[in-house]
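Chains, contacts and geometry: an overview
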Amino acid sequence: MKETDEQIYQKDKDDYLPVFARYKIVLDHGDGVYVYDTNGKKYIDYLGGIAVNVLGHAYPALVQAIAAQAGKMIHCSNLYYTQVQADAAEKLKNLSGLGKVFFGNSGAEANEGAIKIARKYAHMTDPAKSQIITAIHSFHGRTIATLTATGQPKYQEGFGPLPAGFDYVPFNDIGALEKLMSEKTCAVMLEPIQGEGGVHVPKDGYLKKVRALCDKYHALLIFDEIQCGMGRSGKFFAFEQFDVKPDVVTLAKGLAGGVPIGSFIVTDEVARAFHAGDHGTTFGGNPLACAAANVVLDTIEHQHILERVNEVGAYLKHKLEGFQKQYPSLITEVRGMGLLLGMQLTKPGRDIVDACLADGAIINCTAGDVLRFVPPLILTKENVDELCVVLEKVLPKYVA
Ligand SMILES: *Cc1c(COP(=O)(O)O)cnc(C)c1O
């Protein structure tokens with residue numbers, strides 16, 4: 001039975017664990033870079049399901065592939081081979097230049113797997129080589145291990161005892177990392193571009209120096225590209241922007257355009273640590289998810305998506321910098337690459353997000369005071385102009 005929005009809010013309040021500070025709209029459907037609520041109101045979507053809907057909503061080739069695969073076989077377990085999983089793994093291996101691919105269901109699970117294989121790999125040479133170093137303001141997920149890896153106390157409070165062996169350094173501070181590392185360091189795990197922590201880009205040469213320290217101490221370099229990968233930075237992997245190769249890279253979010261999937265990809269050397277039974281998953285990489293991932297990967301490769309991300313991303317950044325010049329007391333910096341952009345505010349951003357929503361634009365605020373823009377990668381310059389109309393109206397109201 002179709003219910004009113006008020007009835008749905010009430011049901012959610014009665015029945016759903018209250019962990020989300022939701023915005024008060026009930027979404028009904030999407031089309032391209034737009035979503036529509038139950039009242040038929042149209043919104044331009046600059047969140048893309050949190051960097052997930054890389055091909056936007058209802059992308060015909062994706063819809064068709066999911067429907068066809070659902071009609072054939074949704075799931076069969078990982079006890080058997082499937083063409084679609086073999087194809088998806090081959091594509092990711094080739095794109096990454098690494099050796100072996102594993103599929104799970106989410107970002108946290110991908111990182112959990114990356115942490116497990118790093119520990120096991122180090123354990124082969126020295127059982128005490130277990131330290132994992134991550135960055136302050138990082139975000140790696142919400143399982144017990146990945147919230148421990150996440151360098152933000154607010155995600156950890158109340159969940160102890162946390163697993164041992166995690167240490168943190170400020171992102172972009174190579175001296176701090178150098179001081180902390182030793183032969184006991186198992187891995188350094190970083191987002192090449194921090195997303196949830198406020199859109200922080202590495203300084204020139206930083207990631208190369210991290211790579212050199214990892215080599216010096218025989219530690220693995222794990223890149224969490226769950227948010228910045230899948231073409232979002234303007235290259236398929238963000239690490240290609242910085243000319244640094246990891247030993248392990250994780251993907252999720254946009255990988256299947258909205259169907260749940262996650263992946264960690266390792267070098268053949270690191271893959272030596274895992275044997276039959278060392279890791280597993282019931283759902284991960286099932287035919288439905290892999291059929292979707294294959295469409296996303298093929299579309300990024302063959303439909304000039306990266307060119308578009310670079311062109312439209314540069315245009316969006318230029319426009320956002322224009323707002324910074326216009327309202328310097330409200331906006332102090334515009335950061336990011338491609339279609340992963342952040343606008344540093346001098347005050348909390350939630351009210352601006354609410355006001356944009358009322359005016360038909362879905363944007364996001366992360367880290368309290370950073371407006372984050374992670375739209376579908378099929379965005380056009382005209383779509384940027386549409387957002388600017390809304391921002392032009394909203395931003396002046398919040399200037400001190
Ligand atoms: C979203 C995100 C995760 C967690 O992914 P989930 O699918 O929510 O578990 C991990 N790392 C980064 C960088 C992310 O952006």
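Description of the structure in this document. In this text, all values refer to a predicted model and were calculated from it rather than measured experimentally.

Cut-off values and rules
- Residues numbered from 1 in each chain as written.
- Predicted model: local features only at pLDDT ≥ 70, side-chain atom pairs only at ≥ 80, totals over all residues.
- Heavy atoms only, no water.
- Buried < 20%, exposed > 50% of the residue type's maximum accessible area, 1.4 Å probe, protein only.
- Helix = DSSP H or I, 4+ residues; strand = E, 2+ residues; numbered from the N terminus.
- Pairing = 2+ DSSP bridges.
- Right-handed = clockwise from strand over helix to strand, strands pointing away.
- Axes fitted to C-alpha atoms, helices over the stretch in contact; angles between N-to-C directions.
- Contact = heavy atoms within 4.5 Å.
- Salt bridge = Lys/Arg side-chain N within 4 Å of Asp/Glu carboxyl O.
- Near = heavy atom within 4 Å.
- Polar contact = N/O pair within 3.5 Å; in protein donor to acceptor, adjacent residues only side chain to side chain.
- Areas by Shrake-Rupley, 256 points an atom, 1.4 Å probe, with all protein chains shown as cover.
- Nonpolar A, V, L, I, M, F, W, Y, C, P; charged D, E, K, R; others polar.
- Core = buried A, V, L, I, M, F, W, Y, C linked by side-chain atoms within 4.5 Å.
- Expected span 1.5 Å × (residues − 1).

**Quick notes on the pairing of strand E7 (residues 185–190)**
For E7, the tally of buried residues reaches six of six residues, placing the bulk of the element in the interior. Here four bridges tie strand E5 (residues 131–135) to E7, and the two strands are oriented parallel to one another. Paired with Gln 131 across the strands is Thr 185, a residue of E7. The sheet contact formed by E7 and strand E8 (residues 220–224) spans four bridges and is parallel. The residue of E8 that forms the bridge with Val 188 is Leu 221. A crossover connection joins E7 to the parallel E8 through helix H8 (residues 206–216); in handedness this β-α-β unit is right-handed.

**A look at the sheet that holds strand E14 (residues 364–366)**
Spatial strand order, E11-E12-E15-E14: four strands in an open sheet with antiparallel pairing. Looking at the sheet topology across the chains shown, the edges are occupied by strand E11 (331–337) and E14. Across the sheet, the axes of successive neighbouring strands diverge by a mean angle of 30°, strand direction being ignored. Pairing between E11 and strand E12 (residues 340–345): six bridges, direction antiparallel. The residue bridging Met 337 from the neighbouring strand is Leu 340, located in E12. The sheet contacts of helix H12 (residues 305–326) involve E11, E12 and strand E15 (370–373), and relative to E11 the element is tilted by about 170°.

**Things to note about unusual backbone geometry**
With an omega of -5°, the peptide bond running from Gly 160 to Pro 161 counts as cis. By the element assignment, Pro 161 lies in the loop between helix H6 (144–149) and strand E6 (166–169). For Asp 243, which is not a glycine, the phi torsion comes out positive at approximately 60°. For Asp 243, the location among the structural elements is in the loop between helix H9 (239–242) and strand E9 (248–251).

**Remarks on the pattern of salt bridges**
A full pass over the atoms with the stated rule returns 15 salt bridges. Across the pair Lys 184 and Asp 126 runs a salt bridge, and its minimum N-O distance is 2.6 Å. With Lys 184 in the loop between helix H7 (174–180) and E7 and Asp 126 in the loop between helix H5 (107–125) and E5, this residue pair connects regions lying 58 residues apart in the sequence. Arg 211 is paired through a salt bridge with Asp 215; the nearest N and O atoms lie 2.8 Å apart. One end of the pair, Arg 211, and the other, Asp 215, are both in helix H8, four residues apart, so they sit about a helical turn from each other. On the accessibility criterion, Arg 211 (14% relative accessible area) is buried. One connected set of salt bridges, linked through shared partners, spans Arg 211, Asp 215 and Asp 247.

**Re the site of the ligand**
Around the ligand, the structure places Ser 106, Gly 107, Ala 108, Asn 111, Phe 139, His 140, Gly 141, Glu 191, Asp 224, Ile 226, Gln 227 and Lys 253. Side-chain polar atom of Gln 227 to an oxygen atom of the ligand: 2.8 Å apart, as the coordinates give it. Bound to the protein, the ligand loses 80% of the 380 Å² it would expose on its own. In terms of residues, the shell around the ligand owes the most to one element, H5, which gives three residues. Taken together, the residues of the shell around the ligand break down into three nonpolar, six polar and three charged.

**Description of the nonpolar core**
With 100 residues, the main nonpolar core has Ile 352 and Phe 373 as its most contacted residues. With ten residues, the single largest contributor to this core is helix H11 (residues 287–302). Ignoring anything within four residues of it in the chain, the contact list for Phe 373 reads Tyr 46, Leu 316, Leu 320, Leu 339, Leu 340, Leu 341, Met 343, Ile 363, Leu 387 and Leu 391. With 21 residues, the next largest nonpolar core counts Ile 117, Ala 149, Ala 273 and Phe 274 among its residues.

**Some details on H11**
Under the 1.5 Å per step criterion, the end-to-end length of H11 is 22 Å for 16 residues, consistent within 8% with the ideal 22 Å. For H11, the tally of buried residues reaches 13 of 16 residues, placing the bulk of the element in the interior. For H11, the side-chain oxygen to backbone nitrogen distance between the N-cap and Leu 288 is 3.1 Å, and the N-cap itself is Asn 286. Just downstream of H11, His 304 is the residue with a positive phi angle, here 60°.

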